[in-house]
Amino acid sequence: MDPWLLLHTLIGTALVASGTNAFNQLRERDVDALMRRTRGRPLPSGRLAPRAAALFAGAISVLGVAYLAWRVNTLTAALAALTLASYVLLYTPLKRRTSLNTLVGAVPGALPILGGWTAAGGRIDAAALSLFWILFLWQLPHFLALAWIYRDDYKNAGLAMLSVEDVDGRRTGWMVLLYALALLPVSLLPSLVGVTGPWYFAGAALLGIGFVATGAAMLGRATPRGAWRVFLASIIYLPALLTLMVLDKIAA
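Residues numbered from 1 in each chain as written. Predicted model: local features only at pLDDT ≥ 70, side-chain atom pairs only at ≥ 80, totals over all residues. Heavy atoms only, no water.

Draft legend 1. Structural context of the overall build of the protein. On a plain count of helices and strands, the protein comes out with 12 helices and 0 strands. Along the protein, from the amino end to the carboxyl end, the secondary structure elements read α-α-α-α-α-α-α-α-α-α-α-α. Since a compact globule built from 252 residues should have a radius of gyration of about 18 Å, the 19 Å found for the protein is in line with a globular shape. Considered along the principal axes of its C-alpha atoms, the protein spans approximately 50 × 50 × 25 Å. Taking all 252 residues of the protein together, 45% fall into the buried category. Restricting to contacts in the protein with at least 6 residues of sequence separation, those with at least 24 account for 69%. Roughly 12600 Å² of accessible area belongs to the protein as shown, and the carbon and sulfur atoms make up 68% of that amount. Of the side-chain charges in the protein, 21 are positive and 11 negative, and the distance between the mean point of each set is 4 Å. (Helix = DSSP H or I, 4+ residues; strand = E, 2+ residues; numbered from the N terminus. Rg over C-alpha atoms; globule rule 2.2 N^0.38 Å. Buried < 20%, exposed > 50% of the residue type's maximum accessible area, 1.4 Å probe, protein only. Contact = heavy atoms within 4.5 Å. Areas by Shrake-Rupley, 256 points an atom, 1.4 Å probe, with all protein chains shown as cover. Lys, Arg positive; Asp, Glu negative; His and termini not counted. Charge placed at Lys NZ, Arg CZ, Asp CG, Glu CD.)

Draft legend 2. Quick look at helix α4 (residues 74–94). Here α4 contains 21 residues, and its C-alpha end-to-end distance of 29 Å stays within 8% of the 30 Å for a straight helix at 1.5 Å per residue. Residue tyrosine 87 marks the point of greatest curvature in α4, where the axis turns by about 30 degrees. Looking at α4, one finds that the buried residues are Thr76, Ala77, Leu79, Ala80, Thr83, Leu84, Ser86, Val88, Tyr91, Thr92 and Pro93. Where α4 begins, the side chain of asparagine 73 points an oxygen toward the backbone nitrogen of leucine 75, at a separation of 3.3 Å. (Expected span 1.5 Å × (residues − 1). Bend = angle between axes of the 7 residues up to and from the residue. Polar contact = N/O pair within 3.5 Å; in protein donor to acceptor, adjacent residues only side chain to side chain.)

Draft legend 3. Looking closely at the pattern of salt bridges. In this structure the tally under the stated criterion is 5 salt bridges. The residue arginine 41 makes a salt bridge to aspartate 32 at a minimum N-O spacing of 3.1 Å. By relative accessible area, which is 26% here, arginine 41 ends up partly exposed. When its relative accessible area of 1% is taken as the criterion, aspartate 32 is described as buried. (Salt bridge = Lys/Arg side-chain N within 4 Å of Asp/Glu carboxyl O.)

Draft legend 4. Highlighting a nonpolar patch on the surface. Together, Leu75, Ile124, Leu129 and Trp133 make up a nonpolar patch on the protein surface, roughly 340 Å² of accessible area in all. By the element assignment, isoleucine 124 lies in the loop between α5 (101–119) and α6 (126–149). (Patch = residues over 30% accessible without salt bridge, like charges linked within 9 Å, V, L, I, M, F, W, Y side chains within 5 Å.)

Draft legend 5. Summary view of the environment of tryptophan 133. Within the fold, tryptophan 133 resides in helix α6. You can call tryptophan 133 partly exposed: its relative accessible area is 40%. The spacing of tryptophan 133 and leucine 146 is 13 residues in sequence and 20 Å in space, taken between C-alpha atoms.

Draft legend 6. Quick look at the side chain of aspartate 32. By the secondary structure assignment, aspartate 32 is in helix α2 (residues 29–32). Apart from the residues within four sequence positions on either side, aspartate 32 is in contact with Gln25, Thr38, Arg39, Arg41 and Pro44.

Draft legend 7. How the structure looks around the packing of helix α1 (residues 3–27) against helix α3 (residues 50–71). Relative orientation of the contacting elements α1 and α3 amounts to 155 degrees, with a least axis distance of 8 Å. As the angle between them shows, α1 and α3 are arranged roughly antiparallel. Every pair of crossing elements has a handedness; the one defined by α1 and α3 is left-handed. By residue class, the composition of the contact of α1 with α3 is 17 nonpolar, 10 polar and 1 charged. (Axes fitted to C-alpha atoms, helices over the stretch in contact; angles between N-to-C directions. Parallel < 35°, antiparallel > 145°, perpendicular 65-115°, else oblique. Left-handed = near helix turned anticlockwise from the far one by under 90°. Nonpolar A, V, L, I, M, F, W, Y, C, P; charged D, E, K, R; others polar.)

Draft legend 8. Geometry of the packing of helix α9 (residues 170–186) against helix α11 (residues 198–216). Here α9 crosses α11 at 170 degrees, and the two axes come no closer than 8 Å. Here α11 runs roughly antiparallel to α9, going by the angle between their axes. Counted together, Gly173, Val176, Leu177, Ala180, Leu181, Leu183 and Leu184 of α9 and Ala204, Ala205, Gly208, Ile209, Phe211, Val212, Gly215 and Ala216 of α11 form the full contact between these two elements. Tallied by class, the residues present in the contact of α9 with α11 amount to 12 nonpolar, 3 polar and no charged.

Draft legend 9. Molecular detail of the packing of aromatic side chains. A full pass over the atoms with the stated rule returns 8 aromatic pairs. Between phenylalanine 211 and tyrosine 237, the aromatic rings sit 5.0 Å apart at their centres with planes inclined by 20 degrees, giving stacked as the arrangement. Taken together, the positions of phenylalanine 211 in helix α11 and tyrosine 237 in helix α12 (residues 224–251) put the pair 26 residues apart, joining distant regions of the chain. On the accessibility criterion, tyrosine 237 (3% relative accessible area) is buried. Here a set of aromatic residues connected by ring pairs shows up, and it is made of Phe132, Trp133 and Phe136. Across from the ring centre of tyrosine 150, 4.9 Å away, lies the NZ or CZ of arginine 37, which sits over that ring. (Phe/Tyr/Trp six-rings, centres within 6.5 Å; stacked < 30°, edge-to-face > 60°. Lys NZ or Arg CZ within 6 Å of the ring centre and 35° of its normal.)

Draft legend 10. Up close: α1. Under the 1.5 Å per step criterion, the end-to-end length of α1 is 36 Å for 25 residues, consistent within 8% with the ideal 36 Å. Between the side-chain oxygen at the start of α1 and the backbone nitrogen of tryptophan 4 there is a gap of 3.1 Å, and the oxygen is on aspartate 2.

Draft legend 11. Focus on the side chain of histidine 142. Along the polypeptide, histidine 142 turns up in helix α6. Those residues in contact with histidine 142 that lie beyond four places of it in its chain are Phe231, Ser234 and Ile235.

Draft legend 12. Highlighting the environment of alanine 204. Topologically, alanine 204 is positioned in helix α11. Expressed as a C-alpha distance, the spacing of alanine 204 and serine 191, which sit 13 residues apart in the sequence, is 9.8 Å. Ignoring anything within four residues of it in the chain, the contact list for alanine 204 reads Leu184, Ser187, Leu188, Leu241 and Leu244.

Pasting the structure below:
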């Protein structure tokens, strides 16, 4: 491992991620003002002017992409730029139009792991794509649970979320379970394509079964308590899976 390369990657990625977040809050300041959990953000609360936010977002985004191109490589910089563009230009406006926005938003959410892979010298191949699809599928139960918890906020803001249309939570519960089930075999792909070994395979299978079991609890009728369990399980699952991946490589 090259610690300086890692540091440069983290700096550039943090700048682009921050710029993406800032652009998102700029474009959604009217919506944020209508939701209880976001009305205290700098723009809807009036603590920050939109012009200042736009200048800040643009500056750090350009700086982040340029820094990655300079200190890491152009492919990683391009992936970071694609992440920003797809989040701000596709996902953000689609939240007002269709509940399929969650699928679109999972793409920029999964691209950064490709950037980490290419920064370390990897190519976009089957191994890299296996990591992408893990992140893609993981986000869906994670966000659907969160959207169910805050469904009243999303409804008041006029956002098109599955949880807003789902009166009793049955559809949300089924989607959480189906995506968790899809994630289980996909999480085993790194071992099948030679990135990891048998220890990761076994651990990933156990983590996946646990995640599926948690998601199954939302079937029938979704409750805030059940949704919180899925959300917390997702927060535990992902770092545990990636840590297991690293440990498996060290052991090998």
